[in-house]
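# Observations on the model geometry
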Amino acid sequence: MGTNYVFSLQPTFTQGLILGQLSILVLLVFVLKYLFMDSTKYPFETTTYHPRINSDSIMRSQKLYQTTNENGLKKEDESAEWLNLLLHQIVGTYRSKLQDDLPGPEGDEVARKRVEDYANKIRPASFLDHIVVHSVDLGSSAPRLSNGRRVPPQSSDSPEIEFDVNYVDTVSVSLSTSYLFNYPMALFARLPVALTISLSLFRSSVTITPPLHTSPAPTLTFSISPTFTLDLTTMSLMGSRAKLANVPKLHDLIQHQVHRVLAAKGVWKVVLPGLATVEEAKQEVKNEMADAALS
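Here is what the cut-offs are and how they apply
- Residues numbered from 1 in each chain as written.
- Predicted model: local features only at pLDDT ≥ 70, side-chain atom pairs only at ≥ 80, totals over all residues.
- Heavy atoms only, no water.
- Helix = DSSP H or I, 4+ residues; strand = E, 2+ residues; numbered from the N terminus.
- Expected span 1.5 Å × (residues − 1).
- Buried < 20%, exposed > 50% of the residue type's maximum accessible area, 1.4 Å probe, protein only.
- Contact = heavy atoms within 4.5 Å.
- Pairing = 2+ DSSP bridges.
- Phe/Tyr/Trp six-rings, centres within 6.5 Å; stacked < 30°, edge-to-face > 60°.
- Salt bridge = Lys/Arg side-chain N within 4 Å of Asp/Glu carboxyl O.
- pLDDT = per-residue confidence, 0-100.

Moving on, we get to helix H5 (residues 104-122). The terminal C-alpha atoms of H5, which comprises 19 residues, lie 28 Å apart, in line with the 27 Å expected from a rise of 1.5 Å per residue. Among all positions in H5, only Gly107, Val110, Ala111, Arg112, Glu116, Ala119 and Asn120 are buried. Buried residues in H5 make contact with helix H4 (81-98) and strand E1 (132-137).

Glancing now at the side chain of Thr234. On the secondary structure map, Thr234 appears in strand E7 (residues 229-238). Residue classification places Thr234 among the buried positions, given a relative accessible area of 13%. Apart from the residues within four sequence positions on either side, Thr234 is in contact with Leu195, Thr196, Asn246, His251 and Ile254.

This part is about the pairing of strand E5 (residues 189-209). Counting buried positions over the 21 residues of E5 gives 20, a clear majority of the element. Bridging between strand E3 (residues 160-167) and E5 involves 7 bridges; their strand directions are antiparallel. In the sheet register, Glu162 faces E5, and the bridge partner there is Thr207. One ladder, built from 10 bridges, connects strand E4 (residues 172-181) with E5; its direction is antiparallel. Looking at E5, one finds that Thr177 is bridged to Val193. Here E5 runs beside E7; their pairing, made up of 10 bridges, is antiparallel. Residue Ser198 lies in a different strand from E7, and its bridge partner there is Thr233. One ladder, built from 4 bridges, connects E5 with strand E6 (residues 219-224); its direction is antiparallel. The partner of Thr207 across the bridge, within E6, is Ser223.

Time to look at the pairing of E3. Within a regular beta strand, the side chains point alternately toward one face of the sheet and then the other, so they alternate between its two faces. Here E3 lies mainly inside the structure; 6 of its 8 residues are buried. Sheet topology note: the strand E2 (residues 144-151)/E3 ladder contains 6 bridges and is antiparallel. In the strand pairing of E3, Arg149 is matched with Glu162.

A separate point is the packing of aromatic side chains. A complete count under the given rule lists 3 aromatic pairs for this structure. With a centroid separation of 5.7 Å and 45° between ring planes, the pair formed by Phe127 and Tyr179 is classed as tilted. One end of the pair, Phe127, is in the loop between H5 and E1; the other, Tyr179, is in strand E4, with 52 residues separating them in the sequence. By the ring-pair criterion, three or more aromatic residues cluster together here, those being Phe127, Tyr179 and Phe181.

Okay, the pattern of salt bridges next. For the structure shown, the criterion picks out 10 salt bridges. Residue Asp100 is joined to Arg114 by a salt bridge in which the shortest nitrogen-to-oxygen separation is 2.8 Å. Here the residue Asp100 occupies a position in the loop between H4 and H5, and Arg114 occupies one in helix H5, the gap between them amounting to 14 residues. Among the ionic pairs, Arg112 bridges to Glu116, the shortest N-O distance being 3.0 Å. With Arg112 and Glu116 both in helix H5 and 4 residues apart, this pair spans about one turn of that helix. Owing to a relative accessible area of 14%, Arg112 belongs among the buried residues under this scheme. Salt bridges here are not isolated pairs; linked through shared partners, they connect Glu109, Arg112 and Glu116.

Below, the discussion takes up the confidence of the model for the chain. Regions with low pLDDT carry predicted coordinates that are not meant to be interpreted in detail. Residues with a pLDDT of 70 or more make up 69% of the chain, whose mean pLDDT is 77. Of all helices and strands in the chain, the one with the weakest mean pLDDT is helix H3 (residues 75-78) (46), whereas E1 scores best (94). Confidence drops under pLDDT 50 across residues 1-7; counting only partners more than four residues distant or on other chains, this segment forms 5 contacts. Between residues 67-78, whose pLDDT stays under 50, and residues either more than four places distant or in other chains, the model counts 7 contacts.

As structure tokens, then:
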């Protein structure tokens, strides 16, 4: 019988190599689990990190936009001022309703709770822990329309109006959660993540299509250009004891996902009161999608 065993009472080079590799692997597991990750359910209870918005960069963006708008105003821009005023009032109404018409901290808390409930409703529970929203800023401005123009209609019965849209505001959300690692066992470790996401700039062209006279569910359609510009500012912390700050890949991932969602839902239909119901409009959208799939 041969005597070349992997393990023996006398140390060999093979044994040293295997033990060295195993020790490195074990050390790596302990570093990841106990330095960057966390096994507690509420990893942010012992940290004072609550990201705040960098208001200086937002104010610079707003100032630059306002300067450009005032100095480069065109005649066609002026014709949209009444529409911008109306749009500002509409957005302000939605903002107020999200706060239950409550001013100050009370209204902010109502909006925060609603955003938190919605975020946890849509989160993938298999790999993302409960989301805690620390603060929400609903902003104070509204998208600004300019350069209204009539574009060649897709059909003779549907004239279309196109506007250029710029939106710069202080809209932001600060939250914390944990990424769940379920390998090699369920809830093996948690990677705490804290984020502040704020809007820097949204720019696009928007096409407004009035309803067809013969439509069974008349709606006013708004669609954004597929080549829109979206700039987000992201501040992040990852890890439990050792923290990784402002990871570029995380920013790219968030911006890509938000961009993808907006592109996928780039068409909004507004039901005209007294002419259709929301359910009828949804059914018409389904019929249009079915027709498009068959063609």
